[in-house]
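# Observations on the model geometry
Residues per chain, in single letters:
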Amino acid sequence: MNLADLNKIAKAMVAPGRGILAADESSGTIKKRFDAINTESTEDSRRDYRELMFRSTEAMKNHISGVILYDETIWQKAKDGTPLVKVIEAAGAIPGIKVDEGIKPLPNCPGEVVTIGLDKLADRLTKYYEQGARFAKWRAVIDVGAGMPSYSCIRANAHALARYAALCQAAQIVPIVEPEVLMDGDHDIDRCLEVTTFALKETFQELYYNKVALEGIVLKPNMAISGKKCPKQASVQEVAEKTVKMLRDCVPSAVPGVAFLSGGQSDEAATAHLDAMNKIGNLPWGLTFSYGRALQAAAQKTWLGKSENVAAAQRAFAHRAKMNGLAALGQWKADLEKKAA
Ligand code: 13P
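Here the residue numbers are simple positions, counted from 1 along each chain's written sequence. Totals for whole chains, interfaces and linings use every residue, but because this is a predicted model, local features are given only for residues with pLDDT of at least 70 and side-chain atom pairs only at 80 or more, for both listing and counting. Here the side-chain values reflect all heavy atoms present in the structure, with hydrogen atoms and water set aside.

### Looking at the overall build of the protein chain
What the protein chain contains, in helices and strands, is 14 helices and ten strands. Against the compact-globule benchmark of 20 Å for 341 residues, the protein chain has a radius of gyration of 19 Å, which places it among compact chains. Projected onto its principal axes, the C-alpha positions of the protein chain cover 50 × 45 × 40 Å. Working definition: with a 1.4 Å probe on protein chains only, accessible area under 20% of the residue-type maximum means buried, over 50% means exposed, and in between means partly exposed. Counting across all 341 residues of the protein chain, residues that qualify as buried make up 57%. The long-range fraction of contacts in the protein chain, counting pairs at least 24 apart against all pairs at least 6 apart in sequence, stands at 79%. Accessible areas in this description were obtained via Shrake-Rupley with a 1.4 Å probe; residue shielding takes into account the shown protein chains only. Of the roughly 14,200 Å² that the protein chain leaves accessible, carbon and sulfur atoms contribute 52%. Asp and Glu count as negative and Lys and Arg as positive, but His and the ends of the chain are not part of the count. Lysine's charge is taken at NZ, arginine's at CZ, aspartate's at CG and glutamate's at CD. Charge centroids of the protein chain, computed over 44 positive and 40 negative side chains, lie 3 Å from each other. Helix and strand assignments follow DSSP, with helices taken as H or I runs no shorter than four residues and strands as E runs no shorter than two, numbered in order from the N terminus. Here the globule rule is a power law, 2.2 Å times the number of residues to the power 0.38, and the radius of gyration is based on C-alpha atoms. Only heavy atoms matter for contacts: two residues are in contact if any of them lie within 4.5 Å across the pair.

Following this line, the structure appears as structure tokens:
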């Protein structure tokens, strides 16, 4: 492992004003997104859609540091025959790859899941590196409910994340470590804070046991935030303050950067929260976005699967990338959204 090089990539992933585009929806998830815009999900339509984003040159150059790809996409070519990986590199962004193989029920823990994909991961990482991937992602899913999460669930997922991270670094790939506490429930922000703290503490403990070098990872957490169905929704300022406090409590300063998932927040909420945290300032790590839905929803609604909408969809994507880029600097303002509308 060359830690200096891993650290260089990790720092570039969280460079000031830039963040990560999570375009790694599995075939099942992207089909759901396409169903919502009445578009058939085929190899070509998925390629056309993703190419549209990767060719939003100004947005990519200025605000996107890296792109997380799904296995299908990393091998795909653009319409003109250029490998999509090359399109991403030409736009100045780093190609990355989702390497987990989804979730399975966790035995003896009703309703809980564990992420799979460690078997043969070492071989797959070698091939992805040859194809241009310089970072990877593995997502653990932790649900909040009555009696959940169990320690078994937190521990099994933290262990798998750490095994994955160690394998990545051995393959000279920066692991994005993503323990996602879901915001789907009716729990309040303090319950989210408690569960996320538990998950983060356990994850860093397992990273230590597995000898993962923290200088060569990027953490992708959820924010401390109210569950979607909670009647009392925390304010932007409360989310920012509680999330920053939680991270200070759990994330060693050796970690170069933290890149949040959006997790089902509205586009503007995801931006406002990130901005408010960066306005607090004086943080030991870079704090940016690694959004899927909150970067892509507007572009999908504009595109609708039609080639005549590509330019407008690129503008919608570029707008969200710019807003989140500003939020990563703590320089976003709500009226920038209104002006664009
Ligand atoms: P969302 O921002 O849509 O939550 O997706 C980010 C991601 O990569 C989840 O694994």
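### Remarks on the pairing of strand β9 (residues 257-260)
Burial along β9 is two-sided: the residues G257 and A259 and V258 and F260 are all buried. Here a strand pair is declared whenever DSSP counts at least two bridges between the two strands. Sheet topology note: the strand β8 (residues 218-219)/β9 ladder contains two bridges and is parallel. Counted as the bridge partner of L219 is V258 from β9. Think of it like this: strands point away, you trace from the first strand over the helix to the second, and a clockwise trace means the crossover is right-handed. In this fold, the crossover linking β8 to β9 by way of helix α10 (residues 236-250) has right-handed handedness. Here β9 runs beside strand β10 (residues 286-291); their pairing, made up of four bridges, is parallel. Its bridge partner being in β10, F260 is matched across the sheet by F289. Handedness of the β9-helix α11 (residues 267-280)-β10 crossover: right-handed.

### Here we look at helix α13 (residues 310-329)
Helix length check: α13, at 20 residues, gives a terminal C-alpha distance of 29 Å against a target of 28 Å (1.5 Å per residue), a fit within 8%. Of the residues flanking the end of α13, it is G330, one or two places downstream, whose phi is positive at about 70°. Expected span of a helix, by definition, is 1.5 Å for each gap between consecutive residues, and there is one gap fewer than residues.

### Description of the packing of helix α3 (residues 43-54) against helix α12 (residues 293-303)
Fitting a line to C-alpha atoms yields each axis, with helices limited to the stretch in contact; the angle taken between N-to-C directions then spans 0 to 180 degrees. Where α3 contacts α12, the two axes come as close as 11 Å, and the packing angle between them is 120°. In terms of orientation, α3 and α12 fall into the oblique class. Crossing of α3 against α12: the hand is right-handed. Where α3 abuts α12, its residues S45, Y49, L52 and M53 lie against Q296, Q300 and W303. Here roughly perpendicular refers to angles of 65 to 115 degrees, roughly parallel to angles under 35, roughly antiparallel to angles over 145, and oblique to all remaining angles. For any pair of crossing helices, the crossing counts as left-handed if the nearer helix is rotated counterclockwise from the farther one by less than a right angle, and right-handed if it is rotated clockwise.

### Some points on the sheet that holds strand β6 (residues 135-142)
The strand order around the closed barrel built from eight strands is β1-β2-β3-β6-β7-β8-β9-β10, with neighbouring strands paired in parallel fashion. Bridge count for strand β1 (residues 19-23) against strand β2 (residues 64-69) is five bridges, and the pairing is parallel. Along β2, the bridge assignment pairs I20 with G66.

### Regarding the side chain of D267
In this structure, D267 sits in helix α11. Buried and unpaired, D267 has R320 as its nearest opposite-charge partner, separated by 4.5 Å. Not counting residues up to four positions away in its chain, the partners in contact with D267 are R293, A294, A297, A298 and R320. The rule for a salt bridge is simple: a side-chain nitrogen of Lys or Arg has to be within 4 Å of a carboxyl oxygen of Asp or Glu.

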